Amino acid sequence: MTEGLFSDDDLIRQITREGVLIAAGGAASLLQTAHPQVAQGVYDHSYTAEDPLRRLRNTMGWLYAVQFGTREEAEAFSALVTRGHDQVTGPGYRANDPELQVWVAATLFAVAAQFYQLLFRRTLAEDELAEFYGQTKVYATILGCPEERLPKTYRDFRVYYAGMLNDLEISDASRAIAHQVLHPRLPGGPLNAPGLAAIRLITAGMMPAPIREQYGWPWNRARELRFRMLMGALSVVYPRLPLRLRTLPRDYYLHTTRKMLAKAKAKAKATARRRPAIRVPSS
């Protein structure tokens, strides 16, 4: 996988290849929608509540295409995302607003770095965090955000991120989306209860305290202990699994993404062939 935007030696690939990071997706998603404008756009336009699995498939498909796909796949999927976001507008918000793109990219970096370090019991050095941060700027720039709108360095990012966590005031839409994300309607009903309980605990445990408090999620010594025990168990078991098993989610979502892109390309070609030729009237 060397013909894409990144090489296998890049930290963005070494970190995001780990399928268990999907378990931290709730924290990233609800950090994004802690921004009232992001929340309102999702609340007004997203199909998360109606089809959470499709939403997950499309989100992970785009991320894996950018991280591990070819340059053509990353750019083609991102063009589809950008066109979709063109329609996500309303009073006070616009999905393609660079301010919102910067915040979404920031949450993807912050949560992945935090969860990876907890999971592998490894503290990333500042130069590693700087490298990883620089690579994750692509989440915004490939969607059209000017790079100069992003914090330039990792240290600049830390100042920006701390300020956002201190200043954000979540909305009713934020809380409604949180309920949809943490209590999804999934096939299997009660069979999903243990897994969803674990996801809710991970989401609350990883959420920065100022935002967690605004969401109204209780947090005490008992819940923190359960979170640490869960992460401790994962950190013992997960890193010892074969890499092939740990990367199955990436391989699955890349496969579905490539099928989708192939269909979209074939449809575009068929449409182009059916388009009538333009006739220039003779004088």
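Quick caveat: nothing in here was measured; it's all calculated off a predicted structure.

Basis of the calculations
- Residues numbered from 1 in each chain as written.
- Predicted model: local features only at pLDDT ≥ 70, side-chain atom pairs only at ≥ 80, totals over all residues.
- Heavy atoms only, no water.
- Salt bridge = Lys/Arg side-chain N within 4 Å of Asp/Glu carboxyl O.
- Helix = DSSP H or I, 4+ residues; strand = E, 2+ residues; numbered from the N terminus.
- Buried < 20%, exposed > 50% of the residue type's maximum accessible area, 1.4 Å probe, protein only.
- Core = buried A, V, L, I, M, F, W, Y, C linked by side-chain atoms within 4.5 Å.
- Contact = heavy atoms within 4.5 Å.
- Expected span 1.5 Å × (residues − 1).
- Polar contact = N/O pair within 3.5 Å; in protein donor to acceptor, adjacent residues only side chain to side chain.
- Phe/Tyr/Trp six-rings, centres within 6.5 Å; stacked < 30°, edge-to-face > 60°.
- Lys NZ or Arg CZ within 6 Å of the ring centre and 35° of its normal.
- 1 Å grid on protein atoms, 1.4 Å probe; cavity = no way out; pocket = protein on both sides within 12 Å on 5 of 7 lines; lining within 4 Å.
- Points joined across faces, edges and corners; volume = space filled by probe spheres on them.
- Nonpolar A, V, L, I, M, F, W, Y, C, P; charged D, E, K, R; others polar.
- Patch = residues over 30% accessible without salt bridge, like charges linked within 9 Å, V, L, I, M, F, W, Y side chains within 5 Å.
- Areas by Shrake-Rupley, 256 points an atom, 1.4 Å probe, with all protein chains shown as cover.

Asks: Looking at this model, I keep getting lost on the pattern of salt bridges. Mind explaining?
Replies: Side chains that differ in sign of charge can pair as their charged atoms come close. Using the criterion set out here, one finds 13 salt bridges in the structure. Measuring nitrogen to oxygen at the nearest pair gives 3.4 Å for the salt bridge that ties Asp172 to Arg175. Note that Asp172 and Arg175 are positioned in helix H10 (residues 172-182) at a spacing of three residues, about one turn of the helix. Residue class for Asp172 comes out exposed when judged on its relative accessible area of 64%. Accessibility expressed as a relative area gives 37% for Arg175, which makes it partly exposed.

Asks: Would you explain the nonpolar core in this entry?
Replies: Counting residues in hydrophobic clusters, the biggest one holds 76 residues, and the most contacted among them are Trp62, Trp103, Phe115 and Tyr215. Top contributing element to this core by residue count: helix H6 (residues 98-120), with 14 residues. Once you skip the residues sitting within four places of it in the chain, Trp103 turns out to touch Leu31, Gln32, His35, Val38, Tyr160, Tyr161, Met164, Leu165 and Leu168.

Asks: Honestly, H6 in this entry has me stumped. Any pointers?
Replies: Helical geometry: 3.6 residues make up each α-helical turn, so side chains three or four residues apart lie on a common side. Over its 23 residues, H6 runs 33 Å from end to end, which matches the ideal 33 Å to within 8%, given 1.5 Å per residue. Between the side-chain oxygen of the N-cap and the backbone nitrogen of Glu99 there are 3.0 Å, and the N-cap of H6 in question is Asp97.

Asks: Which parts of the structure should I look at to understand the packing of aromatic side chains?
Replies: Within a pair of aromatic rings, the relevant descriptors are the distance that separates the centres and the angle that separates the planes. Counted by the stated rule, this structure contains 17 aromatic pairs. With 4.7 Å between their ring centres and 5° between their planes, Tyr215 and Trp217 make a pair best called stacked. Taken together, the ring pairs connect Trp103, Phe109, Phe132, Tyr133, Tyr154, Phe157, Tyr160 and Tyr161 into an aromatic cluster. The ring of Tyr47 has Arg54 sitting right over it, with the charged end atom 4.1 Å from the ring centre. One Lys or Arg, Arg250, reaches over the ring of Phe68 and ends 4.9 Å from the middle of that ring.

Asks: Please explain unusual backbone geometry as it appears in this structure.
Replies: Leaving glycine aside, a negative phi is the common case for residues, and trans is the common case for peptide bonds. Not every positive phi belongs to a glycine, and Arg121 is a case in point at roughly 50°. Arg121 gets classed as exposed once you look at its relative accessible area, which sits at 60%.

Asks: I'm lost on the side chain of Thr107 in this one. Help?
Replies: Relative to the helices and strands, Thr107 resides in helix H6. Note on Thr107: relative accessible area 0%, which makes it buried. Setting aside its immediate chain neighbours within four residues, Thr107 contacts Ala28, Leu31 and Gln32.

Asks: Explanation requested: the layout of surface pockets in the structure shown.
Replies: A probe as big as a water molecule, rolled over the atoms, marks out the empty space that is left. When its volume is computed, the second largest pocket comes out at roughly 280 Å³. Lining the second largest pocket are Glu72, Glu73, Ala76, Ala79, Leu80, Arg83, Arg258, Leu261, Ala262, Ala264, Lys265 and Ala268. Of all the secondary structure elements, the ones that give two or more residues to the lining of the second largest pocket are helix H5 (71-86) and helix H15 (248-274). Partitioned by chemical class, the residues of the lining of the second largest pocket number seven nonpolar, no polar and five charged.

Asks: So what exactly am I meant to see when it comes to a nonpolar patch on the surface here?
Replies: Taken together, Val236, Val237, Leu241, Leu245 and Leu248 make up a surface patch of nonpolar side chains, about 390 Å² in accessible area. Counting through the fold element by element, Val237 comes out in helix H13 (residues 221-237). Looking at Val237, the relative accessible area reads 51%, which means it is exposed.

Asks: Even after reading the chapter, I still don't get the environment of Arg71, so can you show me in this structure?
Replies: Among the structural elements, Arg71 can be located in helix H5. Put simply, Arg71 and Phe6 are 65 residues apart on the chain and 9.0 Å apart in space, counted from C-alpha to C-alpha. What Arg71 contacts, discounting residues up to four positions off in sequence, is Glu3, Gly4 and Leu5.

Asks: Could you clarify how one ought to interpret empty space enclosed by the protein in this entry?
Replies: Tallied over the full model, the rule gives one cavity of 30 Å³ or more. Size it by volume and the largest cavity reaches roughly 50 Å³. Forming the walls of the largest cavity are Val102, Ala105, Ala106, Tyr133, Thr136, Lys137, Leu150, Pro151, Phe157 and Tyr160. Elements with a contribution of two residues or more to the lining of the largest cavity: H6, helix H7 (126-136) and helix H9 (154-167). It is H6 that contributes the most residues to the lining of the largest cavity, three residues altogether.

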